[in-house]
Amino acid sequence: MKSIEFFINLFLSLSAGAGGWSPLTSDRYQWLEVDLGERTKITAVATQGRYGSSDWLTSYLLMFSDTGHNWKQYRQEDSIGSFPGNNNADSVVQYKLQQPVIARFLRLIPLDWNPNGRIGLRLETYGCPFTSDVMSLDGVSSSLVFKLSPGTRQTSRDVMSLQFKTLRNSGTLLHIEGEGGLGLSLELERGKLLLLLRKGSVKPRRLASIGSLLDDQHWHHLAFERRSSHLNLTVDKHTERVQIPAEFSHWDIKQGNVTFSCAEPVSVAVTFPGPQSFLQLAAATASSSGGVSIGFQFRTWNKAGLLLTFELAREGGMVWLYLSEARLWLQIHKLAGFFWFAGSALNDGQWHSVELISRRGRLSIAVDREDGGSAQASPSFPVAIESQVFFGGCPAEEDSQQCRNPFNVFQGCMRLLTLENQNCTTTCRLTCVESMTGECSPSRCEHGGLCSQSWTMFHCNCSDSGYSGATCHSSVYEQSCEAYKHNGNTSGHFHIDVDGSGPIKPQLVYCNMTEETTWMVIQHNNTELTRVRPSAGVNQRSVHFDYSTREEQLSAAIGQSEHCEQELSYHCRKSRLLNTPEGSPFSWWFGGPGPGTLQTYWGGAQPGSQQCACGLQGVCVDPQHYCNCDADRIEWAEDSGLLTYKESLPVRSLVLGDVQRPGSEAAYRVGALRCHGDKNFWNAAFFDKETSYLHFPTFHAELSADVSFLFKTTAASGVFLENLGIKDFIRIELSSSTLVVFSFDVGNGPLEVQVESSVPLNDNRWHRVRAERNVKEASLRLDGLPVATQEAPADGHFRLQLNSQLFIGGTASRQKGFRGCIRSLQLNGVTLDLEERAKITPGVRPGCPGHCSSYGSLCQNQGRCVERANGFHCDCSLSAYTGVFCNTEVSASFKSGTSVSYTFKEPYELSRNSSALPSSIYSDTTLRGENVSLSFRTNQSPAVLFYVSSYYREYLALLINKHGKGFLTTALNKFESFSKGICSFFFFSQIDKNPREDFNLTSDGEFNAIKSLVLGRVLGSDDLDPDLARVASIGYTGCLSVVNFNSISPLKAALLHPDTSPVVITGPLLQSNCGSSASANPYAAENTHHLSDHSGSVGSGEPLVNAIRTDSALIGGVIAVVIFVIVSGLVVTARFLYRRKETYRNQEVKGVKQEDSQDFPFNNQTDSQNVSCENPKEYFI
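Fair warning: this is a prediction, and the values are worked out from it, not measured in the lab.

> Give me the lowdown on the state of the cysteines, citing residues and values where you can.
Every disulfide links exactly two cysteines, by a covalent bond between their sulfur atoms. For the coordinates displayed, the defined rule picks out 14 disulfides. Two residues share a disulfide in this structure: Cys462 and Cys472, whose sulfurs sit 2.0 Å from each other. On the sign convention where negative means left-handed, the S-S torsion of about -95° between Cys462 and Cys472 marks this disulfide as left-handed. Taken together, the residues Cys462 in the loop between strand S29 (458–461) and strand S30 (467–468) and Cys472 in the loop between S30 and strand S31 (474–475) connect sequence positions ten residues apart. By relative accessible area, Cys472 is classed as buried at 0%.

Rendered as structure tokens:
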């Protein structure tokens, strides 16, 4: 009715000379409808304001239809619904449709207009007539079959296209017969189009799924293109590429029983897009029989919303039928509340039928008839309609008593509405203008993320996909083992994603991180030495290797590595290998991408040489041959080496030929693939001027874009990256010393995402930036700070259209350039080769040194960071630890007979001039202080943990007494030329997690000319007093770990460098992980104690009294002790020093014998502050 009124208004306006259409009322309920008389291909529309007025549109919607009843909205980019209008009454604004529309009816709906005028419009459409053959299929017996004429030449390409529309959500659209009983079917299922592979009665296999809501009675374009064994299936604008069996070399189709016309259904669906949408049915159509009979179908993506409501007749009260948690609920509010529910998962976007019937005191509600659920009740009052029925929501009037909605509004579609079995389509007062869309088909979620949606938005569940973000775009894994190392990780299994956000899926590898190199290890199905024996009738033995990663993952991992290698070895007896020097090889292997390329060289040799390593080096057992095995000897021989040419890796298969002769025996081994280095991770460029930049081809990322890189600088600002379009752009910059800004424009106006750091970013240390933009949101990450996000407009442009060059380190205007380093720059998972481009660009240098300022803190336990051209490594030579970050404990299990003796250099002047001071000549044997740390685990007491002796018969020992307490004992002897004076002995300790305690003891001199350090059993201890010597001779049984004496690590030297270190090992010494915290068992009798270095002031003067208490004689846990000794003394006369020395030795022996125990019960001192140099005692730690 309104369209007739609008056409009249238009006619009157033109006859009056005003020139255009202007409705009587200017609101969003108006429209202008154009009947083109026949189906037309519409390519463009143009608008103009009403002539000589202030009336024009600033934005509008376009709808189209074949029947004038069933309308569909035209959308730009599948998102933008509105078109830009005019800004005056005279200019013409033309919009060319990105996708032409084929329709008979066109409807324009005003959205906004000049606020100082009214709705005014002059409209013109552009297009051409469209004719096509149509047919109608009844879904029962009708079909169309076409058969190629005899003799038709078969081609490698077949194309079929058609358009279809339907109200049914299931049915076979197309079936193709192939050879061997195979068939391809295109079938609708739940409104989606499925491509199925059928073979007899076997369950069909799904090859592809495409489209959504295809049962909306609108035309959908289908294209079906075969290219050899590949098929491109296109529905509307979305294409899926699948591989089909070779049996489908051509298609057979022939004509059958069809109707060449297309009947349009009378009923159409209506859409409820938002909070102001509702459908009101007047009371005139309501039943007067005292009952209710309502039926309809609905579909929605939302879990909640009001479907219908009405007021009860005569009795008062309200009835609500609504969705909650995707289930259908009926609530009747009269005196008390009554509730029923039925159905489940009703928000799947499919059509669901609902019937609400009240007759003769019985109320029933049914969903989807037989396939759904139902509920019945017998209320004590009649259920009848008072006056109005409201579908989907209520009017906007706040004082409406007939309609109250305490629930969410309904957003979705309804059709086949009936009241008392009468169709109510022509009685609907509809205020909505949009149509229902499926956001999840095709899915906007990437990398296998699961898509779900509501009416207004979609959500991606990225669990178990290995990716994150609003669309599962960004990988949660690093791209190499090298990257994991620089995050502080040590050896272990890791997922690596070699192309980041690209199509290659993550793969699980082992990262072996050593002090020098970080190896990526990829295993295959047989890395063991495998024996081959002769078999009857078998002349060759072929072996294939299956790797733990996919082909594309393997190739990408090898490609980005700096070096790869794989061991290839052959053990032989009477089994020739390559038949060198000039014969045809008996054995060969295949390596490289895909199935591999035939290779006739062996490990350690050059490609194409048909040699083994011994031939290349000239050391084969028979100089006449280039492989040891080719000598064909009866004795076992071996040819082995590393394959290092990446183009030939990995080894795919192995063919062994000379294994069939009597007496022939052989064994082969193909090791795991090992690679190190990451060319992408260290690819860097240094920009030394604000006007310098690198340029690359345009960044094409219409729907999703991610940019990641590392930078370091001393400048306060600069642009990292910029790419421009006609209007669109993308830019990432350092806006200030603490602020990184990601800005872009996709046609909706500029948007910014910012992350601010609490510390300056121009500190010349590496910082990581990750920016992402997709159809749902934009995000920015900086180092480990919280991610910042900016949602995309709900109804706006989302395609980023760029056309200029991509600028790195600067801008097209050469202003606000970046000064500093940019490294590992990746766009959508593709690394830009900054170094190669920098070599030919003035003002930019390849590479960027200086990594220890950023990664040096990863080196622990006195490890030293050493710079490399590409990265760094931790030098652990001065640490008692080992490993990639000097944090791996070096531990060993000791037996009672185990002894490790580390010998220090003999002082040169000591042997030539005994009166000379050793400390003035050889500083490493005369010390002003001792720094000792170690960890141990034992159940032995008493025991000596370590013992240090000097050339002057002085010693220092750390012991455990019979009570399981730590104990330090010393004996210091001096030259007679020293003069008398007061001496002091300071040290502090922290044991386990107890508070640190400082101590001030006394001593009589320095610890001079150190001779040796002994761990375990002390051999040749004649210089010790008898009781200490007896305990030292018992030896030590237990675990020692990370032993450090000043800068010497004797246990590490004995275990890792026994041939190059001055160590002597006696008895069994086994390296183990007994000292690590992971190996400690809290329920065992043995625990671990750590002695470690702590900083702080020394000399508080407090005595060391009962610093550790244990509940058992079994020593457990971790003791951490640092002993720092500062010894100073005044020189005394030689005679007086000699007398004090004799007194010291006599009193020491007496002190030791104070107890009668035979197991050397060390004395516990309770007051050490007043001990003088004349009466030294032992003190436990």
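> Report on the environment of Gln388, specifying residues and quantitative values.
Within the fold, Gln388 resides in strand S25 (residues 385–391). With 108 residues separating them in the primary sequence, Gln388 and Gln280 have C-alpha atoms 6.8 Å apart. Polar contacts involving the side chain of Gln388 include one to the side chain of Gln280, which spans 3.1 Å.

> Explain the packing of aromatic side chains to me, using residue names and the numbers behind them.
Enumeration according to the criterion identifies 26 aromatic pairs in this entry. Arranged with centres 6.1 Å apart and planes meeting at 75°, the rings of Tyr570 and Trp602 form a pair that is edge-to-face. Of this pair, Tyr570 sits in strand S37 (residues 563–573) while Trp602 sits in the loop between strand S39 (597–599) and helix H4 (613–617), placing them 32 residues apart in sequence. Ring centres of Phe687 and Phe818 lie 6.4 Å apart, and the angle between their planes is 70°; this geometry places the pair in the edge-to-face category. Placement of Phe687 in strand S44 (residues 684–687) and of Phe818 in the loop between strand S54 (806–808) and strand S55 (820–827) is noted, with a sequence separation of 131 residues between them. For the residue pair Phe687 and Phe818, the accessibility class agrees, reading buried in each case. Chaining the aromatic ring pairs together yields one cluster made of Phe272, Phe296, Phe298, Phe391 and Phe410. In this arrangement the basic side chain of Arg823 is found over the ring face of Phe681, its NZ or CZ atom lying 4.8 Å from the centre.

> So what's going on with the nonpolar core? Residues and values would help.
Nonpolar side chains tend toward joint burial in soluble globular proteins. Among the nonpolar cores identified, the biggest contains 64 residues, and Tyr570, Trp602, Leu654 and Phe872 are the most heavily contacted of them. Residues contacting Leu654, with those up to four places away along its chain left out, are Arg541, Ser542, Val543, Phe545, Leu568, Trp588, Trp589, Trp602, Tyr668 and Val670.

Conventions we followed
Residues numbered from 1 in each chain as written. Predicted model: local features only at pLDDT ≥ 70, side-chain atom pairs only at ≥ 80, totals over all residues. Heavy atoms only, no water. Disulfide = S-S within 2.5 Å. Helix = DSSP H or I, 4+ residues; strand = E, 2+ residues; numbered from the N terminus. Buried < 20%, exposed > 50% of the residue type's maximum accessible area, 1.4 Å probe, protein only. Polar contact = N/O pair within 3.5 Å; in protein donor to acceptor, adjacent residues only side chain to side chain. Phe/Tyr/Trp six-rings, centres within 6.5 Å; stacked < 30°, edge-to-face > 60°. Lys NZ or Arg CZ within 6 Å of the ring centre and 35° of its normal. Core = buried A, V, L, I, M, F, W, Y, C linked by side-chain atoms within 4.5 Å. Contact = heavy atoms within 4.5 Å.

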